[in-house]
Each structure stands twice: as C-alpha cells, then as structure tokens.
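# Secondary and tertiary structure notes
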Amino acid sequence: MQLLIKNIRQLVTVKSNGRPFRRGSDMRDLGIIEHADVLIEDGLFRWIGASGTLTGTLDEDADILDASEYVALPGFVDAHTHLLFAGSREKEFAMRVEGKSYQEIADAGGGIISTVTATRSASKKELKKIASKRLDEMMKLGTTTVEIKSGYGLDADSEIKMLEAINELSEEHFMTIVPTFLGAHAIPNEYKSNPQAYVETICERMLPYIAKRKLARFCDVFCETGYFTVEQSRQILQKAESFGIQSKLHADQFSQIGASRLGAELKSVSVDHLEQIDEGAITGLKQTDCVAVVLPGVSFFLHYGYPPARKIIDAGIPLAIASNFNPGSCMSFSMPMMMTIACTQMNMTPEEAITASTLNAAAALKMSDTIGSIEIGKQADIVLYDVPHYRHIPYFFGSNQVAKIIKKGTLLEF
Ligand code: NIG
C-alpha cells in the first residue's frame, strides 16, 4: 500500500547518514527539505525529495495527502518513562509546593513505594486500560515510540505482571513500545532491613525468568543514595548482561555516587537523569557511545537544578531528551513541552532539542537503525504539525500543534 505526502511545507528529516546518533555541533543539522514529497510503501519510507520531482508512476490505489499547510518531523521517541502505574500522587505535589522535598516525602512513606502499593493491588487488565489511554494521549502529542519501565511491583509476581502488561500493550496498541525491567527502582518494605537479599532476589529469581520469557529489552537500576549502591547496581546489571539484556541507569539524580561512571564502565546503552553529573563523569562518558538522556520535566516539576546539557553536548556526548512520565517526579508525557523546557532552561537550541527527541532518543533504545529519522528504508513514523516553521514546536508551548500522525505508514484517526 502506498501513501504519498505531497507539498510538505518543511520536512525535518534529522537524517543520520548511517550513523547511530548525532553529537556535538552535528546535533544542529536537521537535514531540512523545504517543500518536500515523501512516498511511503508498506509502512516504510520509499522515496524522499523536493516536491514534484518523484519519477515513476504511483499505484492506482495510492493514497495522497496534501501537506502544504504542515511541517513534518519524525515521530518523537520517548526513551524513558514509567507510564504503567495505578493511583496518583497529587497530595505529594501539594506537599512539595509547600516546601517538602521529593526525598522527605519518600522518607515519610510517600514516593515510589506509595505507587507500588496501588500498582500491586491493580489487576493486569486494569493497568493495561489505564496505560492504553495514556498511550493514545501521547500519540496525539506526536510520540510514536515509547520505552516503559516496570518498577512499581518490586516483587516477582508484580514485576512480571507489569512486564506482561507492557508486552501485551505492545502487541495491541499502535505505539511502538520498548519494555525495560526496573525491579531495582526502590527497596520494598519487606526488604528494608536486608536490601542485599532483595538484590539477590532480582538476580537469582526475577532476571532468569524475565530473560527466559524475553519480557524485557533493557534492565535499569536507580543507582542513588538510599536506593541501590554502585556495587549492587553493578551486580544486577552484569547479571542482566549475562542474559543478553543490555543495561541502562538512573544516574546522578540527587547525589554523585558514581552512577554515570558505572554506566561508562559497563558500556550501558544510556545513563539517564544526570542532574548531578560532574566533569570527571563527563570525561568518562566521552570515551563511550553511551547516550546521555536528560529529563527536563523532572527539574521543572521538582523545582531543582537542571542537568548541564550544554556541557554534555559540547563535550561531544550524544544527548537525548525524554519525558520520564511518572506520578512522582514528572506528571507529563508531552515531548514538545520537554523540548520547550530544554530550550528555555537548559540552553539547548530548538535544533538540538529536536535531534535529542528523535534520532538520539532512538539511539538510547538501540533503535536508530529503524526509527528516529525520515530516511529511505526506515519505519514510516511521521508527524505533521500545523505550524509555519519547525521552531514553533518548542516556541509555542502548552498547546497541541499536531495535525496528523502517520504510524508505520498508516494515517491514524483519533
Ligand atoms: O526517574 N528516580 C526514580 N524514578 C522516577 C521517579 C518515580 C516516582 O517518583 O514514582 C524518576 O524520577
């Protein structure tokens, strides 16, 4: 089946030229074609070029879409979310506004553990219903691929329930979904007096089963003071690697204990957060292809310091942006909003923010060979915006400018 998108006002390809990501000043090159046509066939980009220059005949039943009013971008890739959870934590939001910190709230019995209680008592069916609605809303905002972590179960049965729900949603929903095992998100109350016993449970019980059933593409650990030490994180991630599950890390969020250094040592696919990254860790990451994933919505929502995105980009480290949608530290999955925050608060240019939300975000999921840019042979995930110029996407914040969403070559109707 063919779909020709004609007369696109401005086509932002973010073309990779065969590389897995863009870094340094290359992040500003968006590979723009003014007035473009794109031919999609069987869910893949088949031809891309200046309007009216396509040679050869179209199939008789080809669909044609006029996009002369629209700017087109690759679908956003949200490479770090905790989208599957029950309950909500608006009470904590109000407490934070009155001055309590994220950690103080967690110490008082709120935080991750309160969402664990709600998620444990929800059925898989209930979790899927809640998540499916969120996935629809995300797509309407231009996201076509999302990573979803477990981590609100924290016992074998509940973690498996979460991963099964994520995998089933990936079969049933239009969104491309990447499951990540985050059993090491917090120490569950049952193991408070012996955290190492929980680490052993993850390594000896959960990971072998998850690997056998291929329930997770990545394994992540919240390596942080009061959560998992560097040594425990290394143990879990090395065990995961032994099963062929690649590592990611929640690194340097509240304190500097060596988490992103561990990511460099293990050659993790990505290190995420990085609010407290230091010069030494930046130097370490430079020697690797590990993607630095920053989460602008978290600093905005928790009202604390932003990660030094400028320094990370200028050091030549590939940088991606993600929403980190979760009920505690970022109750938003709007990638355009994350881009606005990245530009206004982290001094990223609109061009860097776009590359960080598309091609580089795909690299943070090891998927940039198939998604993240508009290039011949890649999956046809393309979003049309009702704007005069691509810079309006981060510039005009707080309203949805998406006009049409094409996922794997299919024009979606919501
Ligand atoms: O990335 N830091 C750990 N996990 C999430 C917060 C999860 C929650 O508060 O429920 C984060 O910020």
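Residues numbered from 1 in each chain as written. Predicted model: local features only at pLDDT ≥ 70, side-chain atom pairs only at ≥ 80, totals over all residues. Heavy atoms only, no water.

## Description of helix H3 (residues 112-121)
- Residues Ile112, Ile113, Thr115, Val116 and Thr119 constitute the buried set of H3. Down the axis, H3 shows its buried residues gathered within 155 degrees of arc, on one side only. Among the exposed residues of H3, those pointing more than 90 degrees away from its buried face are Thr117 and Ser121.
- Considering only its buried residues, H3 is in contact with helix H2 (102-107), helix H4 (124-140), helix H5 (156-172) and strand S9 (218-222). (Buried < 20%, exposed > 50% of the residue type's maximum accessible area, 1.4 Å probe, protein only. Helix = DSSP H or I, 4+ residues; strand = E, 2+ residues; numbered from the N terminus. Arc of directions from axis to C-beta. Contact = heavy atoms within 4.5 Å.)

## So, the packing of helix H8 (residues 259-266) against helix H9 (residues 279-286)
- The N-to-C vectors of H8 and H9 enclose an angle of 15 degrees; their axes lie 9 Å apart at closest approach. The angle between H8 and H9 places the two elements in the roughly parallel class. For the pair H8 and H9, the crossing hand works out as left-handed. Facing Ser260, Arg261 and Ala264 of H8, the residues of H9 in contact are Gly280, Ala281, Gly284 and Leu285.
- When grouped by side-chain class, the residues that make up the contact of H8 with H9 number 3 nonpolar, 3 polar and 1 charged. (Axes fitted to C-alpha atoms, helices over the stretch in contact; angles between N-to-C directions. Parallel < 35°, antiparallel > 145°, perpendicular 65-115°, else oblique. Left-handed = near helix turned anticlockwise from the far one by under 90°. Nonpolar A, V, L, I, M, F, W, Y, C, P; charged D, E, K, R; others polar.)

## Some details on the site of the ligand
- Every one of the 15 residues lining the ligand counts as a neighbour, but Tyr102, Tyr152, Gln253, His273 and Ser329 are closest to it.
- The separation between a nitrogen atom of the ligand and a polar side-chain atom of histidine 185 is 2.8 Å.
- In the model, an oxygen atom of the ligand is placed 2.6 Å from a nitrogen or oxygen of the serine 329 side chain.
- Taken by itself the ligand offers 330 Å² of open surface, and the protein chains cover 100% of this.
- A breakdown of the residues in the shell around the ligand according to their chemical character gives 4 nonpolar, 10 polar and 1 charged. (Near = heavy atom within 4 Å. Polar contact = N/O pair within 3.5 Å; in protein donor to acceptor, adjacent residues only side chain to side chain. Areas by Shrake-Rupley, 256 points an atom, 1.4 Å probe, with all protein chains shown as cover.)

## Remarks on a negative patch on the surface
- On the surface, Asp42, Asp59, Glu60, Asp61 and Asp63 cluster together into a negatively charged patch.
- Relative to the assigned elements, aspartate 63 resides in strand S4 (residues 63-66). (Patch = residues over 30% accessible without salt bridge, like charges linked within 9 Å, V, L, I, M, F, W, Y side chains within 5 Å. Salt bridge = Lys/Arg side-chain N within 4 Å of Asp/Glu carboxyl O. Lys, Arg positive; Asp, Glu negative; His and termini not counted. Charge placed at Lys NZ, Arg CZ, Asp CG, Glu CD.)

## Quick look at the pairing of strand S11 (residues 270-273)
- Bridge analysis of strand S10 (residues 246-251) against S11 gives 4 bridges, and the strand direction is parallel. In the strand pairing of S11, lysine 248 is matched with serine 270.
- In terms of handedness, the path from S10 via H8 over to S11 forms a crossover that is right-handed.
- Where S11 and strand S12 (residues 291-294) come together, 3 bridges link them in parallel fashion. Within the sheet, the bridge partner assigned to serine 270 lies in S12 and is valine 291.
- Taken together, S11, H9 and S12 constitute a β-α-β crossover, and its handedness is right-handed. (Pairing = 2+ DSSP bridges. Right-handed = clockwise from strand over helix to strand, strands pointing away.)

## Remarks on the pairing of strand S5 (residues 71-74)
- Of the two faces of S5, the one holding Val71 and Leu73 and the one holding Ala72 and Pro74 are both buried throughout.
- The pairing of strand S1 (residues 2-12) with S5 spans 2 bridges and is classified as parallel. Bridging from a neighbouring strand, glutamine 10 pairs with valine 71 of S5.
- Judged from the 4 bridges that link them, S5 and strand S14 (residues 382-385) form a sheet pairing that is antiparallel. Looking at S14, one finds that proline 74 is bridged to isoleucine 382.

## With respect to H5
- End to end, H5 covers 24 Å across 17 residues, agreeing with the expected 24 Å (1.5 Å per residue, within 8%).
- Where H5 is concerned, the buried positions are Ala156, Ser158, Glu159, Ile160, Lys161, Met162, Leu163, Glu164, Ala165, Ile166 and Leu169.
- On the buried face of H5, the contacting elements are H3, H4, strand S7 (143-149), strand S8 (176-184) and helix H6 (195-212). (Expected span 1.5 Å × (residues − 1).)

## Thoughts on the domain arrangement of the protein
- With domains assigned, the protein is organised as domain 1 (2-74 + 373-411) and domain 2 (77-363).
- Counting residues at the interface gives 30 residues for domain 1, matched by 34 residues for domain 2.
- Carbon and sulfur atoms supply 67% of the area that domain 1 and domain 2 bury against each other, a total of about 2,700 Å² over both sides.
- At the boundary of domain 1 with domain 2, the tally comes to 3 salt bridges.
- In this structure, glutamate 352 and arginine 28 form a salt bridge, with 3.3 Å as the shortest nitrogen-oxygen distance.
- Applying the counting rule to domain 1 against domain 2 returns 11 residue pairs in polar contact (both at pLDDT 80 or more). (Domains from an automatic or database assignment. Buried area = accessible area lost by both parts, 1.4 Å probe.)

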